[in-house]
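Each chain, written out:
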Amino acid sequence: MTSTTGGARRSTATASCAIPIQACSRTRDSRTTEAAAGETPPTSLAKHVRIDEEALRTNARLAREEFLQRASEGPLAPARGASRGPSTGDVLGITLIIDFSDDTWSIPAASIDDYCNQLGYTGYGNNGSVRDYFLDVSEDLLDYTNYVPSAYYRAIHTKEYYTNPDAPYGQRARELIIEALTAMDDAGFDFSQYDADNNGTVDALNCFYAGDTWNAWAEGLWPHASAVDFCRDGVCTNAYQITNLGSNLRLGTFCHENGHMLMGWPDLYDYDYDSSGAGVYCLMGFGGFGTNPVEPCAYMKYDAGWGDVTVLSAPQGGLVAPAGTNVMYKCNHPTLSREYYLIENRQRSGRDVNLTDDGLAIWHIDTHGNNSNQQQTPELHYLVTLVQADGRWDLENDTPPARRTRCRTRTGGTAARRASRSWT
Ligand SMILES: [Ca+2]
Ligand SMILES: [Ca+2]
Ligand SMILES: [Ca+2]
Ligand SMILES: [Zn+2]
């Protein structure tokens, strides 16, 4: 999202780091930014079984930690719409794997290949591979695989060099990426095969580096998304995301970041951290973490061209909206094309098992909105608003993240009638 509040975000996130959580480790001596294995929230709950209070708190904390770790992406991410890859068809990304003489690899290259590409993958407790995730949520419209080298690229310099906090943030990450890309090209790699939509831009560039994050927030190799210009074989790279590997592989952040790169999706959490945005109800909100990230919410699927959309122009009964599909209903604003409602069924099963409630989700969309703006005024409101059944507006009010938020639980017809009365 475009914004002029990069500085504000930075100071907010820094303030948040006053909380003594692992993701906010601020010195090189504190090299453990990964959540401990035992803290992983439950991912295999039976349908309709509520997540207990402790697990809810753990979920919320882990989501916060992951997003705090990624907080730098807001100011650095390419402007919305500036760089977007293809969202359908066979798409091939590049995933660099890099280690250092002073921090060598621990996860085998073949494991990272499986994590990206293997159908039915279950490694590290993940619900499928990255490829599985996007096949599922696009209903087979997007088959996204990644080229993963068969061996790590050993960086020219030490990790100490790339993580030097005195260098401008991102500069040495890009130096590292260009180094690795150059070595690939020298070995005969054909970058022109990685531009599925033939727009001259490599569709997706991911970079994993060995070990933990050594840096403080927004320094050195602190995980981030940005852009790097490297041109070979008639194409150039643009957006990239870089993350430390740590000791495990988790789907959430990778899928979230590739949602940005491929589909051009915006973040749906509040960059100011003073409200909860779309909460856990979307991959691009706090739901995009851990080993079983939730589905992209209806707007994302609609935007990507994956939605099975029926436009409702009058109240109707007997409508069917199966959960775990891309069936959705749309109610247009009488005069403004940028504003509408999308309705989908979300149940706590499969990829949505970690939702904090289920039922019919009614989303108010205003493409001029911004999920950093929780004010709920005609001028300042979210892009994607969950119209909460209990009217509490917990997401906007930032009461414990999404815990008390309620989806609609009535039929599509009833919900559509109710929705049509309350344009904001
Ligand atoms: Ca080449
Ligand atoms: Ca392209
Ligand atoms: Ca805000
Ligand atoms: Zn993001």
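Residues numbered from 1 in each chain as written. Chains lettered and ligands numbered in written order. Predicted model: local features only at pLDDT ≥ 70, side-chain atom pairs only at ≥ 80, totals over all residues.

Caption draft 1: Broad picture of the nonpolar core. Core analysis: the biggest nonpolar cluster contains 91 residues, and Ile98, Leu342 and Trp363 have the highest contact counts within it. Looking at which element gives the most residues to this core, the answer is helix 8 (residues 251-263), with six residues. No fewer than three residues from each of domain 1 (41-74 + 267-424) and domain 2 (78-263) sit in this core. Setting aside its immediate chain neighbours within four residues, Trp363 contacts Cys297, Ala298, Tyr299, Tyr341, Leu342, Val384, Thr385 and Leu386. (Core = buried A, V, L, I, M, F, W, Y, C linked by C-beta atoms within 7 Å. Buried ≥ 20, exposed ≤ 12 C-beta atoms within 10 Å, placed from the backbone. Helix = DSSP H or I, 4+ residues; strand = E, 2+ residues; numbered from the N terminus. Domains from an automatic or database assignment. Contact = placed C-beta atoms within 7 Å.)

Caption draft 2: Representation of helix 4 (residues 109-117) within the structure. The set of residues buried in helix 4 consists of Ile112, Tyr115 and Cys116. Relative to the axis of helix 4, the buried residues are bounded by an arc of 95° and lie together on one face. The elements touched by buried residues of helix 4 are strand 1 (89-99), helix 5 (130-137), strand 2 (142-147) and strand 4 (205-209). (Arc of directions from axis to C-beta.)

Caption draft 3: Region of interest: helix 7 (residues 171-186). An ideal rise of 1.5 Å per residue puts 22 Å on 16 residues; helix 7 measures up with 22 Å between its terminal C-alpha atoms. Three or more residues of helix 7 are buried, namely Ala173, Leu176, Ile177, Ala180 and Leu181. In a view along the axis of helix 7, the buried residues occupy a sector of 130°, so they form one face of it. Pointing more than 90 degrees away from the buried face of helix 7 are the exposed residues Gln171 and Asp186. As for helix 7, its buried residues are in contact with strand 1, strand 3 (153-154), helix 6 (159-162), strand 4 and strand 8 (239-244). (Expected span 1.5 Å × (residues − 1).)

Caption draft 4: Local environment of unusual backbone geometry. At Glu139, a position not held by glycine, the phi torsion is positive, near 55°. Positive phi, close to 55°, is recorded for Trp393, a residue that is not glycine. According to the C-beta neighbour criterion, Trp393 is partly exposed, with 17 such atoms within 10 Å.

Caption draft 5: Here's a closer look at the sheet that holds strand 12 (residues 359-366). The five strands lie next to each other as 9-10-11-12-13, forming an open sheet whose pairing is mixed. At either margin of the open sheet sits one strand with a lone partner, and together these are strand 9 (308-311) and strand 13 (384-386). Averaged over neighbouring strand pairs, the angle between their axes works out to 30° when direction is ignored. (Pairing = 2+ DSSP bridges. Axes fitted to C-alpha atoms, helices over the stretch in contact; angles between N-to-C directions.)

Caption draft 6: Spotlight on the pairing of strand 2. Every second residue of strand 2 is oriented toward a common face, the buried set being Leu142, Tyr144 and Asn146 and the non-buried set Asp143, Thr145 and Tyr147. With six bridges joining them, strand 1 and strand 2 adopt parallel strand pairing. Note on strand 2: the bridge partner recorded for Gly89 is Leu142.

Caption draft 7: Seen up close, the environment of Glu396. Here Glu396 is to be found in helix 10 (residues 394-397). Given 21 C-beta atoms within 10 Å, Glu396 falls into the buried group. Expressed as a C-alpha distance, the spacing of Glu396 and Asp274, which sit 122 residues apart in the sequence, is 8.4 Å. Apart from residues lying up to four places away in sequence, Glu396 is in contact with Ser275, Gln374 and Gln376.

Caption draft 8: Region of the structure containing the environment of Thr356. With respect to the secondary-structure elements, Thr356 resides in the loop between strand 11 (339-346) and strand 12. The class of Thr356 is buried, set by 22 C-beta atoms lying within 10 Å. C-alpha separation for the pair Thr356 and Val280, spaced 76 residues apart in sequence, amounts to 7.5 Å.

Caption draft 9: Layout of the environment of Gly252. Note that Gly252 resides in helix 8. Once the C-alpha coordinates of Gly252 and Gly288 are considered, the two residues, 36 residues apart in sequence, prove to be 4.7 Å apart.

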